[in-house]
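Descriptive analysis of the structure
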Amino acid sequence: MRLSYLNTCVAMTVRELARKYVVLTLALLLPVVFFAVTFATTGDRVVPVTIAWATEPVTEVDERRMTLLFIGIAAAGIISAFFASSLIQRQVAANRRLVLCGYRAIEIITARLAVLLGIIVATTLYTWLLLSLVASPSFPAGAFLGIGLGAFVYGCYGLLVGTVFRRELESVFAILVLINIDAGWLQNPIYYESSRSKWLIEALPAHFPAQVAYLAAFTPDSYARCGTYALAYGSTFLVVALAWYSFRMRLTR
Amino acid sequence: MNAPPLVVREVSKAYGRRPVLQAVSFEARAGEILGIVGENGAGKSTLLRIIVGLLRSDAGDVRANGRLGYCDQEPQLFPDLSIAEHFAYFARAYGLADGGGWLERRDELLERFNFNQYTDSRVTAVSGGTRQKLHLSLALLHHPDILILDEPYLAFDWDTYLRFWAYAEALRNEGAAIVIVSHLAHDRDRFTRILELQDGGIRCG
């Protein structure tokens, strides 16, 4: 790995990204819209919910606070997944030309990952800060970690989607469908309690990040194990995506 | 006698059951402009992609002795980067970025193909012809010994087309081996040698 090559690739990727003004504006607006709608439509009653990884089966939580946190994870996941997919999917041919001219595929991939990591951190921080404005009292650091893990897992999923599909429409479909069903619906603890197929909810990508956030926000329980599982889940997507991308970038000579 | 810069031996390629290239062999010698012609679907672009390493052949081998420059039919560029940024990016790829020499080379290419007024413009903001000029210039940035060009002037205006051929002639005189795919009948006089792809095989014109 040559550092100067990596630096140039990171710099160019950041410039490309920073010039997508409309996309960046929409990304900034998305959590605002999600939180505004949630704030306007939820009540402040206390509801009993089941948090899958909590030691106490039923926990009483403030409906609005819980939904805001849940929707925050969904928002961070959507933003990360879209940026990740776009980073890896666009200009595959131009990137391959760079490899033909002397870049190593690993340098291009690592640069993309570095930029993705920056996006994940920025998205998490932004979502968490917005969440702190609408949810009072503010959520603890563990909730920040849960949102970050949600962004990480779905960022890695976005990478995989962007690698597998060659066109954007397919990627948009694959990202929206899964995030809507998973982070946007089934990971809400209200659904978990009465679900007839809990295993399905537990198998979805946002499950562990959501559990980390809920455990931190509403229970005194440790979230270390859930956090580890979330990292492992995201890393699996990451490894498959990288292997696939390397295969697509390979040269024959 | 020096070995030819480019040697293609018995290269075959099929897409599914359809053979496109069947045991194609040829050499490109230093100081020649080799034209590859043939009908649509004859396998010209496939052959070039195999030569540069973007596509795997089913059989045969390709030997290139020297720096290779490749310009595909379609401009492979980064839409949100400027023309200057493209030069910087590819200078890094070629390993030229740490020396300042590539800047002179960039300016020479900008001047030669007459698009220096767009240096700071993004690719999305320039015409198809200017994109094609950039695309070609990036293939020339590192002074390649072997130049593989797949219809590089399709979007050029007449003036740029003539500038391109004048430059190709200059490169040939400097000893570069140039392989060009072309559809244009009036290009034929400009080639030192013509290879026609027909029914998967090659025929000297």
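Residues numbered from 1 in each chain as written. Chains lettered and ligands numbered in written order. Predicted model: local features only at pLDDT ≥ 70, side-chain atom pairs only at ≥ 80, totals over all residues.

Time to look at the interface of chain A and chain B. At the junction of the two partners, chain A supplies 20 residues and chain B supplies 20 residues. Broken down by element, the side of chain A that touches chain B gets its largest block of residues, 7 residues, from helix 4 (residues 92-101) of chain A. Broken down by class, the residue content of the side of chain A that touches chain B amounts to 9 nonpolar, 4 polar and 7 charged. (Contact = placed C-beta atoms within 7 Å. Helix = DSSP H or I, 4+ residues; strand = E, 2+ residues; numbered from the N terminus. Nonpolar A, V, L, I, M, F, W, Y, C, P; charged D, E, K, R; others polar.)

As a further point, take the sheet that holds strand 4 (residues 59-64) of chain B. All names here are of chain B. Read from one edge to the other, the open sheet built from 3 strands follows the order 2-1-4, with strand pairing classed as antiparallel. Every interior strand has two partners, whereas the edge strands, strand 2 (18-28) and strand 4, have only one. On average, each strand axis in the sheet is inclined to that of its neighbour by 20 degrees, with strand direction left out of account. When strand 1 (residues 6-15) meets strand 4, the two strands line up antiparallel, connected through 5 bridges. Within strand 4, the residue paired with L6 across the bridge is A64. (Pairing = 2+ DSSP bridges. Axes fitted to C-alpha atoms, helices over the stretch in contact; angles between N-to-C directions.)

Before going further, it helps to spend a moment on the confidence of the model for chain B. Of all residues in chain B, 98% have pLDDT values of 70 or greater, and the mean over the chain is 90. Of the two predicted TM-score estimates for the complex, the pTM is 0.88 and the ipTM is 0.91. (pLDDT = per-residue confidence, 0-100.)

Here we come to the packing of helix 1 (residues 3-18) of chain A against helix 5 (residues 105-134) of chain A. Residues and elements named next belong to chain A. Contact geometry for helix 1 and helix 5: axes closest at 9 Å, N-to-C directions at 50 degrees. Comparing the axis directions of helix 1 and helix 5 gives the class oblique. Crossing of helix 1 against helix 5: the hand is right-handed. The segment helix 1 lies against helix 5, with Y5, L6, C9, V10, T13, V14 and L17 engaging E107, I108, T110, A111, R112, A114 and V115. Its residues assigned to classes, the contact of helix 1 with helix 5 comprises 10 nonpolar, 2 polar and 2 charged. (Parallel < 35°, antiparallel > 145°, perpendicular 65-115°, else oblique. Left-handed = near helix turned anticlockwise from the far one by under 90°.)

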